[in-house]
Amino acid sequence: MRLVLVGLLALAACNPLSGSRTSEAEEGTQAFVEQARARCEARGGNFGSGSAGVVNICYVTPKDANQSCSTATDCEGQCLARSRTCAPVIPLIGCHEVLLENGQVAEFCQD
Amino acid sequence: MRRTLLGTSDLEVSQFALGTMTFGSQTSEADAHRQIDMALDAGIDLVDTAEMYPVNPVRAETVGRTEEIIGRWIAASGRRGEIVLATKITGENGGTVRGGRGIHGDTMIEAVDSSLKRLQTDVIDVYQLHWPNRGSFHFRQHWDYVPGGGTKAEIEANIVEVLEAMTRLQREGKVRHFGLSNESTWGTAAWLRLAAEIGAPRMISIQNEYSMLCRQFDTDLAELAVREEVGLLAYSPLGTGLLTGKYRGGAVPPGSRMSINANLSGRANPRAHAAVEAYAAIAERHGLDLVHMSLAFCAARPFMGSVIFGATGVDQLEHILAGIGMTLSEEVRNEINAAHRDHPMPF
């Protein structure tokens, strides 16, 4: 049986500042975005738009990108089902076949 | 095997690539899988395919069959990580693929997902645009080419729409890099300029026909490729078999491309056969194999990313691999250029 998982990245999750609010910039301002970009890039991330093009996301290459995996527990992010390799990016946007923690294949979609 | 960085990217590929367009038509699945193994053993890791393959002819009912064959090789071998996988989305067509719809934002998203499923993988290394929606002067259309396919504004709007889809696909981790195919100088420059303007992925390669018989790339495109670092992925470096010598003296071997496509899609004509004789004479004079000389000529060009050859059978691939990676002396290169002046643009 194949599971279908659908997710919507909550705004808080998309907010690159969540969990580390040291900025004085007001949310929704350009300064806020630029601070978020700087923080993202400082940790090796790539700051860009999400699928809908309206939310900025900090895309990070995990240390285990493209390494072999057999379940989700083997990866920082998702374990891709066809190649059995850890996803090259976190968060993983769009629809992908992934392996769950129990090794079951599921279609994972996230916007 | 020499390796090159493709375009401005960090993607390293072998200087020769395995073409696959007969996998599933003239080439059986077992032979196709054997060919990929043989190529890898020889240090060739770039495998080039397309959603439309196999050819010839292109049929609606066989679209995707070549990718499925490669997908089964990936699944059975577990060697996905050892190959650089390149495929293509079909441009506007007569209805064989997607009812004729070519390259748009929505079709690109749909086509990538379909290719990934057939290829049984999660990522395409180089995703190429098989030919521009607006048409092109390739496929022997240069003889009566008239630029068409809409106004400049319409063409640029389509490019921007596709660039936005490319951005999304790269962010989703489904495509690493993008390339063009059967493009012109104007078209390539437009893709590069608009990508820079909107912060979209930059094209790293252009797959056009190139061989001793087809040197259209040598002028404007050559300059663009070198200055802008867009590597040429040369297809038909053996002139669809003409430069193997197998059609010399009017021969048409059973099972050859000419046996199913009499004029090699407009390439076989008296001037082309005369040019082949000139190149064969150079090879014979220097004790070279015509196939190996033809491939070595292409590989040495300053704009070359990788040279894509195809083989119908394993025996042909063995022949190619036996001389892969050789280099030509300056004397041979000068004689080839002299023959090119005597036999310019035979098709």
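Our structure's up above, just so we're on the same page.
Only a predicted model underlies this, so the values are computations on that prediction, with no experimental measurement involved.

What counts as what
- Residues numbered from 1 in each chain as written.
- Chains lettered and ligands numbered in written order.
- Predicted model: local features only at pLDDT ≥ 70, side-chain atom pairs only at ≥ 80, totals over all residues.
- Heavy atoms only, no water.
- Helix = DSSP H or I, 4+ residues; strand = E, 2+ residues; numbered from the N terminus.
- Rg over C-alpha atoms; globule rule 2.2 N^0.38 Å.
- Buried < 20%, exposed > 50% of the residue type's maximum accessible area, 1.4 Å probe, protein only.
- Contact = heavy atoms within 4.5 Å.
- Areas by Shrake-Rupley, 256 points an atom, 1.4 Å probe, with all protein chains shown as cover.
- Lys, Arg positive; Asp, Glu negative; His and termini not counted.
- Charge placed at Lys NZ, Arg CZ, Asp CG, Glu CD.
- Disulfide = S-S within 2.5 Å.

### Examining the overall build of chain B
Broken down by element type, chain B carries 11 helices and 10 strands. A globule of 347 residues ought to have a C-alpha radius of gyration of about 20 Å, and chain B, at 19 Å, matches this closely. Counting only C-alpha atoms and orienting by the principal axes, one finds that chain B spans roughly 55 × 45 × 35 Å. A total of 347 residues make up chain B; the buried ones form 58% of that total. Of the contacts made within chain B by residues no fewer than 6 positions apart, 77% connect residues no fewer than 24 positions apart. Put simply, chain B shows about 13400 Å² of open surface, and 50% of that area lies on carbon and sulfur atoms. In chain B, the 33 positive side-chain charges and the 42 negative ones have mean positions that sit 1 Å from each other.

### Remarks on the state of the cysteines
Simply put, disulfide is the name for a covalent bond between the sulfur atoms of two cysteines. Evaluated as defined, the whole model comprises four disulfides over all chains. Paired through a disulfide, C69(A) and C79(A) show a sulfur-sulfur distance of 2.1 Å. Here C69(A) and C79(A) share a disulfide; its torsion about the S-S bond, 90°, makes the bridge right-handed. Residue C69(A) is found in the loop between β3 (56–59) and β4 (79–80), and its partner C79(A) is found in strand β4; the two are separated by 10 residues along the sequence. Looking at C79(A), the relative accessible area reads 0%, which means it is buried. The disulfide bridge from C75(A) ends at C86(A), spanning 2.1 Å between sulfur atoms. Looking along the S-S bond of the C75(A)-C86(A) disulfide, the torsion reads about -80°, which is the left-handed sense. Placement of C75(A) in the loop between β3 and β4 and of C86(A) in strand β5 (residues 85–86) is noted, with a sequence separation of 11 residues between them. Here C75(A) matches C86(A) in class, with each residue buried. When the bonded cysteines of chain A are numbered from the N-terminus onward, they pair as 1-2, 3-5, 4-6, 7-8. In this model C214(B) remains outside any disulfide bridge; the closest cysteine sulfur is found in C298(B), 9.7 Å from its own. Classification of C214(B) as buried rests on a relative accessible area of 7%.

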